[in-house]
Amino acid sequence: MSETERVTLVGNLTADPELRFTPSGLQVANLRLAVTPRIREGDQWKDGETTFHTVNVWRDQAGNAAETLSKGARVIVVGRPKERTWTDQDGTEHQVTEVDAEELGPSLRWATATLSRTNGRSRASGPGNQEPPS
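The structure presented is a predicted model; accordingly, all values stated were derived computationally and were not measured. (Residues numbered from 1 in each chain as written. Predicted model: local features only at pLDDT ≥ 70, side-chain atom pairs only at ≥ 80, totals over all residues. Heavy atoms only, no water.)

> Got a minute to help me understand the confidence of the model for the chain in this structure?
Reading fine detail from the predicted coordinates is not recommended where pLDDT is low. Confidence along the chain averages 87 in pLDDT terms, with 87% of residues attaining 70 or more. Segment residues 122-130: pLDDT under 50, and 12 contacts once partners within four positions in sequence are set aside and those in other chains are kept. (pLDDT = per-residue confidence, 0-100. Contact = heavy atoms within 4.5 Å.)

> What should I look at first to understand helix H1 (residues 59-68) in this one?
Along an α-helix, residues three or four apart share an orientation, since each turn contains 3.6 residues. Along H1, the positions that sit buried rather than exposed are Asp 60, Gln 61, Ala 62, Gly 63 and Ala 65. If you follow the buried residues of H1, they end up packed against strand S2 (18-21), strand S3 (27-35), strand S6 (51-58) and strand S8 (93-106). (Buried < 20%, exposed > 50% of the residue type's maximum accessible area, 1.4 Å probe, protein only. Helix = DSSP H or I, 4+ residues; strand = E, 2+ residues; numbered from the N terminus.)

> What's the story with the pattern of salt bridges in this structure? I'm lost.
A side chain of one charge can pair with a side chain of the opposite charge when the charged atoms of the two come close. Tallied over the entire structure, the rule returns 6 salt bridges. The closest approach of N and O atoms between Glu 102 and Arg 80, which form a salt bridge, is 3.5 Å. A residue pair is termed long-range when its members are at least 10 positions apart, and Glu 102 in strand S8 and Arg 80 in strand S7 (residues 74-87) qualify at 22 residues. For Arg 80, a relative accessible area of 16% translates into the label buried. Connected through shared salt-bridge partners, Arg 6, Arg 80 and Glu 102 make up one network. (Salt bridge = Lys/Arg side-chain N within 4 Å of Asp/Glu carboxyl O.)

> Even after reading the chapter, I still don't get the nonpolar core, so can you show me in this structure?
As a rule of thumb, soluble globular proteins bury nonpolar side chains together. With 17 residues, the main nonpolar core has Val 57, Val 75, Val 77 and Leu 104 as its most contacted residues. Counting residues per element, this core draws most heavily on S3, which supplies 4 residues. In contact with Val 77, not counting residues within four places along its chain, are Val 7, Thr 8, Leu 9, Leu 33, Val 55, Val 99, Ala 101, Glu 103 and Leu 104. (Core = buried A, V, L, I, M, F, W, Y, C linked by side-chain atoms within 4.5 Å.)

> Help me out: how do you make sense of the pairing of S8 in this one?
Each regular strand shows side chains that alternate between the opposite faces of the sheet. Of the strand pairs in this sheet, S6 and S8 are connected by 2 bridges, and their pairing is parallel. Its bridge partner lying in S8, Val 55 is registered against Val 99. Two elements, S7 and S8, share 13 bridges in a ladder whose sense is antiparallel. Of the residues in S8, the one forming a bridge with Arg 80 is Asp 100. (Pairing = 2+ DSSP bridges.)

Structure (structure tokens):
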């Protein structure tokens, strides 16, 4: 996958965002997103196959996501796909593709939102100013 490749996902959260902190204190929220495309067959629409995606949200946006979003919320994610591999205790190698979110927000197609602007100061200095780990 190229460093410049971007994806856009629109789907529903399967659980509340899970907020945690890296050892250096950087906020990260993990989201599980269910995406079900609508397919037109003749003059009718039907649901396509649902896919599930893990989305990682970093820094202040992670805290905002955990505070604002909840299970079932319809969201729009723009981000970079990233492959990750690991070996479990049995020696089996696993590989997953996740999305590092650059932008995340509620879909306003089926809901309304009340926005509250943050000051964004923590992005100017400190560990929150770093890119997510590679």
